[in-house]
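# Structure assessment
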Amino acid sequence: MIEIVAQSSIMREVLRMAERAAASDANILVTGESGAGKDALALHIHSQSRRATQPFIKIDCATLPSELLEAELFGHERGAFTGASDARPGRIEAAHKGTLVLDEIAHLARDAQAKLLRVIELREFERLGGRRTISIDARLIALTNVDLEAAVSRKSFREDLYYRLNVVHIHVPPLRERREDLPGLARDLLKTYAAKHGRRVNGLSQEALAVLKNYDFPGNVRELANTIERAVVIAAGARVESEDLPEAIRAAVLTKSHGARRRTLAEVEADYISETLAVARGNKSEAARILGISRKNLYEKIARYGTGEEGKRGNG
Ligand SMILES: Nc1ncnc2c1ncn2[C@@H]1O[C@H](COP(=O)(O)OP(=O)(O)OP(=O)(O)O)[C@@H](O)[C@H]1O
Ligand SMILES: [Mg+2]
């Protein structure tokens, strides 16, 4: 069981939401980029819920073709289709009293969407080829890394199902938006992989940590985990050094710090003025007061920097 690292305020808020939702029986939609930690959060919610000692069942809607997926989800009776030589319960049945996680929910075909809607609304279903109606009590957690609302407008996802799944919505932010979580995550992952590979690596050098903190991790926590695992395996000493990190990551960080031009004082001033104008809702007297300069001086600066229009735009 992994602990969810939440040092950043944004992730602490996510955890608070998750724990509040865990205490209820509401269906939950978890969104977030690939590798951000949606699966990890789903498991955390289950373990914090009254269903914790009951089954935690996951099904990936993206990997199976639609007929097989339906058979997996709903189960089937003997002879339901060619090759169904035995009756088999599905994942929904297996999740009775527990939690059912539907990963990559956007890939669910229209037919299965309709059936799932019935499961949610009536808490019952039949196996494929079956007549017996089976009652089910499970909490649903749906995961997606695509914009489900957009899928609804495209009509590839049923709106009624979307609302049924989206009773509570939790967004797991990408790692680059919560860099404060990185040291804690790196520490936990280091421990995990050192144990897995029997290596006595117990920390990261300041420099290695600085490289990681400056990298954007498009693959999020999964990419960090792979990076740490590799570093643990190749580290020569008890500490991971920056040389143990992939060249691509070190190069990306170097390009970023060297490539970023420092702004001039005039640019900073111009930005701050338009920001203040936005805060003052375009009211120049108010903006001048906040900035501690005269109205006349503000008008001069606006004319010089051409920031007046932005101020109005900021005002909506
Ligand atoms: N907060 C966290 N603390 C510790 N480990 C984490 C955390 N978040 C994610 N991980 C680990 O990172 C990896 C990726 O996380 P996970 O599988 O939950 O991502 P995901 O959002 O479901 O990605 P995908 O959309 O690709 O399925 C897993 O190995 C998971 O254990
Ligand atoms: Mg996942």
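Residues numbered from 1 in each chain as written. Chains lettered and ligands numbered in written order. Predicted model: local features only at pLDDT ≥ 70, side-chain atom pairs only at ≥ 80, totals over all residues. Heavy atoms only, no water.

### Describing the packing of helix 1 (residues 9-23) against helix 2 (residues 38-48)
Our working definition: Fitted lines through C-alpha atoms give the axes, limited to the stretch in contact for helices. The angle between two N-to-C directions lies from 0 to 180 degrees. Numbering of helices and strands starts at the N terminus; helices are DSSP runs of H or I of at least 4 residues and strands are runs of E of at least 2. To sort the angles, those under 35 degrees are grouped as roughly parallel, those over 145 as roughly antiparallel, those from 65 to 115 as roughly perpendicular, and the leftovers as oblique. A clockwise turn of the near helix away from the far one marks a right-handed crossing, whereas an anticlockwise turn of less than a right angle marks a left-handed crossing. Here, two residues are considered to be in contact whenever any of their heavy atoms come within 4.5 Å of each other.
Running from N to C, helix 1 and helix 2 cross one another at 45°; their axes reach a closest spacing of 8 Å. Between helix 1 and helix 2, the angle is such that the two are oblique. Our pair here, helix 1 against helix 2, has a crossing hand that is right-handed. Contacts from Val 14, Leu 15, Ala 18, Glu 19 and Ala 22 of helix 1 reach helix 2 at Leu 41, His 44, Ile 45 and Gln 48.

### Looking at the sheet that holds strand 1 (residues 28-31)
The condition is simple: Pairs of strands are assigned from DSSP output, requiring at least two bridges between the strands.
The parallel open sheet is built from five strands, whose spatial order is 2-5-8-1-9. Only two strands of the sheet have a single partner each, and these edge strands are strand 2 (56-60) and strand 9 (168-171). The sheet shows a mean angle of 20° between the axes of neighbouring strands, taken without regard to direction. Pairing geometry for strand 1 and strand 9, over four bridges, is parallel. Bridge pairing in strand 9 links Val 30 to Ile 170. Sheet contacts for helix 2: strand 1, strand 2, strand 5 (99-103), strand 8 (139-144) and strand 9; angle to strand 8, the most-contacted strand, approximately 165°.

### Quick look at the packing of aromatic side chains
Each aromatic ring pair is described using two quantities: the centre-to-centre distance and the angle formed by the ring planes. Our working definition: Pairing of aromatic side chains requires ring centres within 6.5 Å, counting the rings of Phe and Tyr and the six-membered ring of Trp. Pairs whose planes differ by under 30 degrees are stacked, by over 60 edge-to-face, and all others tilted. Relative accessible area decides the class of each residue, using a 1.4 Å probe on protein chains only: under 20% of the type maximum gives buried, over 50% gives exposed, and in between gives partly exposed. Criterion for a charge above a ring: Arg CZ or Lys NZ at most 6 Å from the ring centre, at most 35 degrees from the ring normal.
Counting across every chain of the model gives three aromatic pairs. Between Phe 74 and Phe 125, the ring centres sit 6.1 Å apart and the planes meet at 55°, which makes this aromatic pair tilted. With Phe 74 in helix 3 (residues 66-74) and Phe 125 in strand 6 (residues 124-125), this pair connects stretches of sequence that are 51 residues apart. Given the relative accessible area of 1%, Phe 74 is considered buried. Note on Phe 125: relative accessible area 2%, which makes it buried. When the ring of Tyr 215 is compared with that of Phe 217, the centres are 4.6 Å apart and the planes differ by 80°; the resulting orientation is edge-to-face. Between the NZ or CZ atom of Lys 115 and the centre of the ring of Phe 74, over which it lies, the distance is 5.4 Å.

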